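Here's the letter readout for the chains.
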Amino acid sequence: MTYTLPELPYDYSALEPFVSGEIMQLHHDKHHKAYVDGANTAADKLAEARAKGDFAIVNKLEKDLAFNLGGHLNHSLFWQIMAPANGGVPQGELAAAIDESFGSFDAFKAEFQAVALGIQGSGWAALAWEPVGQRLVNWQLSDHQANAPMAQLPVLQLDMWEHAFYLQYKNVKADYVNAWWNVVNWAEVQRRFAAARGVTV
Ligand code: MN3
């Protein structure tokens, strides 16, 4: 199979003024595309290695695949869980699960924000359904793929790589995070949460 770059579900400028159209265009067309291409290259080279029975560089290829496929998956989710500003908040079962896991929506937001702002280097803040403990957990993802155990099911992710905000917010990450809450698509987060809760591992 070949990984492909998904279309953005809205115009580049749809998330303004919170995320600029210039950032969205570069982010989707250049950065996300590079991860799609990188995942395909790594997958192709792994297939070649299998065909030859030569696994001398399997260590490098597995790391390349994890990084680039991580980038592809993260960005594919990221576009979907954003939408033009609607000022919404979580509803129903998602709101109840957030309350149960974190105490309150405000407590969740404060923790998620601290997770995002505390990332050293490049990474993501991720709210995921933890299917073993049956609860929601905030993870601090290093790069695209490190610092979280397998089988976490992400329902909300925030890109904290500099390419996601620097053109607009420079080094003031807190302004980026504060602005971003305005474009969270809680209906999509709820849809993903409902699907994730049905998974057992
Ligand atoms: Mn990015």
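For the structure given in this document, a descriptive report is provided here. (Residues numbered from 1 in each chain as written. Predicted model: local features only at pLDDT ≥ 70, side-chain atom pairs only at ≥ 80, totals over all residues. Heavy atoms only, no water.)

**Description of the sheet that holds strand 2 (residues 135-142)**
Here is step 1 of the chain: Spatially, the three strands line up as an open sheet ordered 2-1-3, and their pairing is antiparallel. A strand with exactly one partner marks an edge of an open sheet, and here the two such strands are strand 2 and strand 3 (153-159). Between one strand and the next, the sheet's axes are offset by a mean angle of 20°, whatever the strand orientation.
Here is step 2 of the chain: Across eight bridges, strand 1 (residues 123-130) lies against strand 2 in antiparallel orientation. Looking at the pairing, Glu 130 lines up with Arg 135 of strand 2.
Here is step 3 of the chain: Those strands touched by helix 2 (residues 58-80) are strand 1, strand 2 and strand 3, and its axis lies near 85° from that of strand 3. (Pairing = 2+ DSSP bridges. Helix = DSSP H or I, 4+ residues; strand = E, 2+ residues; numbered from the N terminus. Axes fitted to C-alpha atoms, helices over the stretch in contact; angles between N-to-C directions. Contact = heavy atoms within 4.5 Å.)

**A word on the environment of Ile 119**
Here is step 1 of the chain: Inspection of the secondary structure assignment puts Ile 119 in the loop between helix 4 (105-117) and strand 1.
Here is step 2 of the chain: Residue class for Ile 119 comes out buried when judged on its relative accessible area of 6%.
Here is step 3 of the chain: For the pair Ile 119 and Ala 14, spaced 105 residues apart in sequence, the C-alpha to C-alpha distance is 27 Å.
Here is step 4 of the chain: The residues contacting Ile 119, other than those within four sequence positions of it, are Trp 124, Ala 125, Gln 140, Met 160 and Lys 173. (Buried < 20%, exposed > 50% of the residue type's maximum accessible area, 1.4 Å probe, protein only.)

So, to be careful, I would describe these as geometric facts and stop short of saying anything about function.
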